[in-house]
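A structural walkthrough
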Amino acid sequence: MQKKKRQDGSSEKGRPRVRRRDFPEPDVLTITEEAFNRPGIRIGFLSRIDFKSAGYRRGLVRRAFEIFAEEGCVFNVLNGGMVSKKYVKDRLSRAAHGVRKEFKDEAINVVLYTIAQELKWAIPRIRKPGDDNAYVRLYAMSSLTYDGTWGDVILSYLQAFRDSDIRHEKQGGHRLIVKGIDEFIWPINPKKPRLPSQYYSQAAEKEIKDKEGQTSQPDPGMWIVGTHASSVHKPRGEKKTPYITLPALHRLEDVTVAENQVGVRVLEYTDEGIRLVRTYDFKDLVGKERTYITGIKRGANETHEKIVACVKEYGAAATEGIIADRTELDRKTIRDEIKFLVEPKSSSRTTWPGLYYDPSSQRYDFHLNWLQDRLMYPAYTQEVCEDRMLFFGCLHAGYTTTDYEYVVMRFPEIMLRHDITHLFGLGDFIAGLKHRFLERGEIVGGLNYTEQERFAAELVGTVMIRVFGARLEEFIKELKGRMPAMDEVVSFVENNLTTFVYIAGNHDEWQRDFGAEPLAIFRDKLILLLNKYIAALLGRAHFPIPGTLMDVVEKKIVAPAGSHSIYTLPSKLLVEMFHPHMARAKTSSLRAQEMLDASDAHIVGGANFHTAIEVERWEFNLGERVVGQVATMVIDTDFEAHKLKRLDFGPLYLRVRSHGARIMMAESGFYTERMLNAPARKSIDVEELKKKLGILIIE
């Protein structure tokens, strides 16, 4: 006689019935040959999927892997936060309810197995070009803090289901070799909760410090810190090992350690050996996700359309009163008509979720599980603007420890490689003469303020002319012997002479004590130098020399006026420049975040601290914002050496892609390898130094 099944679904008293749910196979994305074989090595990073938390979105996971495929990533890393610890705990508690002790392990395994099956479906595969059976690897590691004690078990099931492309790495992080560059990276994530902090670097640096203290292995080429939902890029210099932090890949609902970022990051090792970090912001997508609900229930009328449009626009569960106020429909009409849209469970359609009614709050909203599992986010197809910038600060012309060779040799190379359109100088162009620098032997050749400003102008002018000259050579090749008209020459100069935007720093402003205007000599000499050498280059090419050349040059040298030094890029993004008269802070991102707080611009550049960091923050009014705190061009100073302070060195490269003055992607790269190994002699002949380095001069 067949046993009667219990009401709770078990076939034996106190024993759970194993239910094998069938999930579709995961989506398969393909990398093009062109993307996969591009120069350089690219790695994709994601963190905090938080499967089945309120903020979980399968559509975000798919969008992440679409970007990894477009980038041609050689492998990808899931660094902690695969599942919601709370969701797993609640689901296991329900599954174990009423189950006899000897069957509880079976009940637990059924739940963990099912979650892994759902994840198998939710995470796409990426097929390598040219081989239908070869997939890009996903290295996955759980976090005890965010995935909980069961996260590693779920991951082991997932790896068994997807052994062709997923590798199960050690909980908390594991070293990964980057083939082709003889370096390894080390993704890590927390094993214990951290106290909340408003500074994005703080939790990450505590994790790194703990790992450095625990391990007996050598430092990696870069630390990759997951789960904190921030976007920080810290170069080598002040910190012995560079690191980045990772955004979350779910809609943020709770804040525990200053979470702010939603998106993914891509780390690229370029063929010149530089690490570029790209952040793809998804928070704008999440913020307007309801607009991607494009369908409605069949048979809907105009009133139904108004109700649905209101719930979309409101962005949250709405009462009858809210809908009435926003649609100008009376409450009775809404009460009668909205019943048509309410469904007991979410729709199986890909464009329409259905509404549900919560009697306790008396609000209507779209079914959450549909938003979690079926909503897809589009790629940006609108016109996209791109800005390419190089930021530098603390040139300190006159110091014995400034790397002049690096400035005139490497700056032009970097600018040509990245096709830089805007060069930003963030103050302290000169060393100055306070603190008895001259007497202490820290100034080369006994240069006074005027001579230091002229020297700084010659350094910056040499950089700009070398870039312009290389672009002119390419233009001549394109002409194929044709002589350009005057308007073509003017247009070429306007489009190919880099725009230089600058502010004064505290070293520059020391002259105010003597009644002198900071950087007045610098500006005049720079404009004269550019005009002179551009005319010479055009003349050498037998091009007509515009009579308006000086006017063109002056327009390309910009010193924003007013208390806020703001410059508007062609994309309409705003850049604000700071040179705070403040000391550095022990918390790496503190000063950078303070500059963001003080500004209403999309991009912020700051200097003076001789330390570098790049930080991103999303805000409702401006969207994604980027702050670049740049290093110095000196290799050392007596002041900082005596205070045991290490310096960061080199400029910051920044590229942003935007639409409608909202940043979609930000790419940062720090150039930190200096050329100067020891200070120059204070008695050095500066004119001989200029001649040796090919620095252009102006009388």
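Owing to the predicted nature of the structure, the values given are computational and were not obtained by experimental measurement.

Let us look at the overall build of the protein chain. When helices and strands are counted, the protein chain shows 21 helices and 26 strands. Along the first, second and third principal axes, the C-alpha set of the protein chain runs to 105 × 65 × 55 Å. Across the 699 residues that make up the protein chain, the buried fraction comes to 59%. Sequence-distant contacts, at least 24 apart, represent 73% of the contacts inside the protein chain between residues at least 6 apart. As displayed, the protein chain has an accessible area near 30,800 Å², and 49% of this comes from carbon and sulfur atoms.

Core analysis: the largest hydrophobic core is formed by 77 residues, its most contacted members being F429, F500 and F522. Listing elements by their share of this core, those giving two or more residues are β16 (385-392), α13 (404-417), α14 (449-479), α15 (486-496), β18 (499-503), α17 (520-540), α18 (549-556) and α21 (686-693). Among the elements that make up this core, the one with the highest residue count is α14 (14 residues). For F500, the residues in contact, after removing those within four places along its chain, are F392, L423, G425, F429, V460, M464, F522, L526, K556, I557 and V558. Among the nonpolar cores identified, the runner-up in size contains 72 residues, and F68, V111, A122 and L371 belong to it.

This next bit is on empty space enclosed by the protein. Taken as a whole, this structure holds four cavities of 30 Å³ or more when the rule is applied. Put simply, the largest cavity is a space of about 60 Å³. Looking at the largest cavity, the residues that line it are K234, E238, R584, A585, T587, S588, R591, T611 and Q629. Taken together, the residues of the lining of the largest cavity sort by class into one nonpolar, four polar and four charged.

A few words on unusual backbone geometry. Located in the positive-phi region is C394, a residue other than glycine, with phi close to 55°. Of note, C394 is situated in the loop between β16 and α13. Backbone geometry places A661, a non-glycine residue, at a positive phi of 60°. With respect to the helices and strands, the residue A661 is situated in the loop between β25 (652-659) and β26 (662-670).

With mixed pairing, the 10 strands of this open sheet are ordered in space as β7-β8-β9-β11-β10-β23-β24-β22-β21-β20. In the strand order of this sheet, the two ends are held by β7 (176-178) and β20 (565-568), each with one partner. Neighbouring strand axes in the sheet, compared pairwise and without regard to direction, differ in orientation by 20° on average. Where strand β10 (residues 231-234) and strand β11 (residues 243-245) come together, two bridges link them in antiparallel fashion. Bridge assignment links H233 to a residue of β11, and that residue is I244. Most of the contacts of helix α7 (residues 200-214) go to strand β9 (residues 222-225), to which it runs at about 120°, and overall it touches β8 (183-188), β9, β10, β11 and β23 (613-619).

In this section: the sheet that holds β16. Ordered in space as β6-β5-β3-β2-β12-β13-β26-β25-β16-β17-β18-β19, the 12 strands form an open sheet in which the pairing is mixed. On the outer flanks of this sheet lie β6 (166-168) and β19 (557-558), each paired with one strand and no other. As paired elements, β16 and strand β17 (residues 422-426) share four bridges and run parallel to each other. Residue pairing in the sheet places L390 in a bridge with L423 of β17.

If you walk through the whole model with that rule in mind, you get 31 aromatic pairs. With centroids separated by 5.8 Å and ring planes inclined at 80°, the aromatic side chains of Y113 and Y157 adopt a geometry described as edge-to-face. With Y113 in helix α4 (residues 104-122) and Y157 in helix α6 (residues 151-161), this pair connects stretches of sequence that are 44 residues apart. Of the residues examined, Y113 reaches a relative accessible area of 23% and is grouped as partly exposed. Since its relative accessible area comes to 23%, Y157 is described here as partly exposed. With 5.4 Å between their ring centres and 55° between their planes, Y399 and F437 make a pair best called tilted. With Y399 in the loop between β16 and α13 and F437 in the loop between β17 and α14, this residue pair connects regions lying 38 residues apart in the sequence. What makes Y399 buried here is its relative accessible area of 5%. Residue classification places F437 among the buried residues on the basis of a relative accessible area of 7%.

The terminal C-alpha atoms of α13, which comprises 14 residues, lie 20 Å apart, in line with the 20 Å expected from a rise of 1.5 Å per residue. The largest bend in α13 amounts to roughly 30° and is located at R410, with the proline P412 lying one to four residues further along. Along α13, the residues that are buried comprise Y404, Y406, V407, V408, R410, F411, P412, I414 and M415. Buried residues belonging to α13 abut β16, β17, α14 and α21.

Conventions used here
Residues numbered from 1 in each chain as written. Predicted model: local features only at pLDDT ≥ 70, side-chain atom pairs only at ≥ 80, totals over all residues. Heavy atoms only, no water. Helix = DSSP H or I, 4+ residues; strand = E, 2+ residues; numbered from the N terminus. Buried < 20%, exposed > 50% of the residue type's maximum accessible area, 1.4 Å probe, protein only. Contact = heavy atoms within 4.5 Å. Areas by Shrake-Rupley, 256 points an atom, 1.4 Å probe, with all protein chains shown as cover. Core = buried A, V, L, I, M, F, W, Y, C linked by side-chain atoms within 4.5 Å. 1 Å grid on protein atoms, 1.4 Å probe; cavity = no way out; pocket = protein on both sides within 12 Å on 5 of 7 lines; lining within 4 Å. Points joined across faces, edges and corners; volume = space filled by probe spheres on them. Nonpolar A, V, L, I, M, F, W, Y, C, P; charged D, E, K, R; others polar. Pairing = 2+ DSSP bridges. Axes fitted to C-alpha atoms, helices over the stretch in contact; angles between N-to-C directions. Phe/Tyr/Trp six-rings, centres within 6.5 Å; stacked < 30°, edge-to-face > 60°. Expected span 1.5 Å × (residues − 1). Bend = angle between axes of the 7 residues up to and from the residue.

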